[in-house]
Amino acid sequence: MVEGRAGGNHQWASARERLRSPIFAPLAATIAALPAERWPTHAELTDAAKDAQTARGKRVRFVKPRERSERERTHYELHINETGEVETRASSWHDLFNALVWIAFPRAKAAINAQHAAILEEGGEAEARRRSSERDALTLFDEGGVIVASRSPELLRLIVDFEWKELFWRRRAELERSVRFFAFGHALYEKALDPYIGIVAKTVFVPVTDLFFMSAPESQLAAVDELIAGHFSRRARFVSPKAMAPMPVMGVPGWHPQTGDESFYDDPQHFRGKIHT
């Protein structure tokens, strides 16, 4: 079991109630299909990932970690791209959420992995030893990203301008009509087991139409998976982590128990305004 704040000491069965929080909605269908009383096996996770494959056409399989040299560890993404094998530790929330994100967002995960692999192949050992700004951006989103699907450019501007109370409280009705938030990063999901004030995500905005909001949740999930895969197909869109606007995760309505209280959004430590220089 992974120790520490992120993920805490929750066992799989005892965490089921926490996993019903709205932040886990993209993973809900997969979680519901997994055993309720024990951690899923590698084979069960692999069966659930029937639609996932790498950009090189290798079916994604979740496998027990192997003994690896330091050099092999730096080429983790290349190994996935070439073989489809995603090394997954038993009873590890971090690794389990990574697997669940592969299942929920197979195209997006494959696109991110493909870019990691391409940059590693181009940069060789120097890139493996020290990540470029592009791979930093990929990693930060993969670990702690949130997808923001919106038909309102004005509401997206409020994120860029750090207008948190305006976005999450004063314009909540409009927000609920015109924006959907999808947690993506597997480390973010791990933290959400024990949510605390101070979690910040990197965001990627994807434009959607009115039809998107009329669709069933599973259709919305498939649509944003395709949109994020398309986003990460071009390197100009992730030149550095600064290309992604930060967002205080616990401000999203329903993602923290106190989002129903106006005073919650008056905390200047978590909902900081933009610093103008």
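Predicted model only: the values in this text are computed from it and were never measured.

## Description of the sheet that holds strand β6 (residues 246-248)
- The strand order across the open sheet built from 4 strands is β4-β3-β5-β6, with neighbouring strands paired in mixed fashion. Each of the sheet's edge strands pairs with one partner strand only, and the pair in question is β4 (179-183) and β6. Taking each pair of neighbouring strands and ignoring which way they run, the sheet shows an average axis angle of 40°.
- Note: strand β5 (residues 200-207) against β6, 3 bridges, orientation antiparallel.

## Comments concerning the nonpolar core
- If you look at the biggest cluster of nonpolar residues, it comprises 79 residues, and the most contacted ones within it are F105, F168 and F181.
- In terms of residue count, helix α5 (residues 93-104) provides more of this core than any other element does, 9 residues in total.

## Focus: the pairing of β5
- Pairing of strand β3 (residues 145-150) with β5, which is carried by 6 bridges, proceeds in the parallel orientation. The partner of V146 across the bridge, within β5, is T203.

## Looking at the pattern of salt bridges
- Within this structure, the stated rule accounts for 21 salt bridges.
- Across the pair R235 and E122 runs a salt bridge, and its minimum N-O distance is 2.8 Å. Within this pair, whereas R235 is found in the loop between α13 (217-231) and β6, its partner E122 is found in helix α6 (residues 106-129), the two being separated by 113 residues in sequence.
- With relative accessibility at 28%, the residue R235 sits in the partly exposed group.
- For E122, a relative accessible area of 57% corresponds to the exposed category.

The rules behind these values
- Residues numbered from 1 in each chain as written.
- Predicted model: local features only at pLDDT ≥ 70, side-chain atom pairs only at ≥ 80, totals over all residues.
- Heavy atoms only, no water.
- Pairing = 2+ DSSP bridges.
- Helix = DSSP H or I, 4+ residues; strand = E, 2+ residues; numbered from the N terminus.
- Axes fitted to C-alpha atoms, helices over the stretch in contact; angles between N-to-C directions.
- Core = buried A, V, L, I, M, F, W, Y, C linked by side-chain atoms within 4.5 Å.
- Buried < 20%, exposed > 50% of the residue type's maximum accessible area, 1.4 Å probe, protein only.
- Salt bridge = Lys/Arg side-chain N within 4 Å of Asp/Glu carboxyl O.

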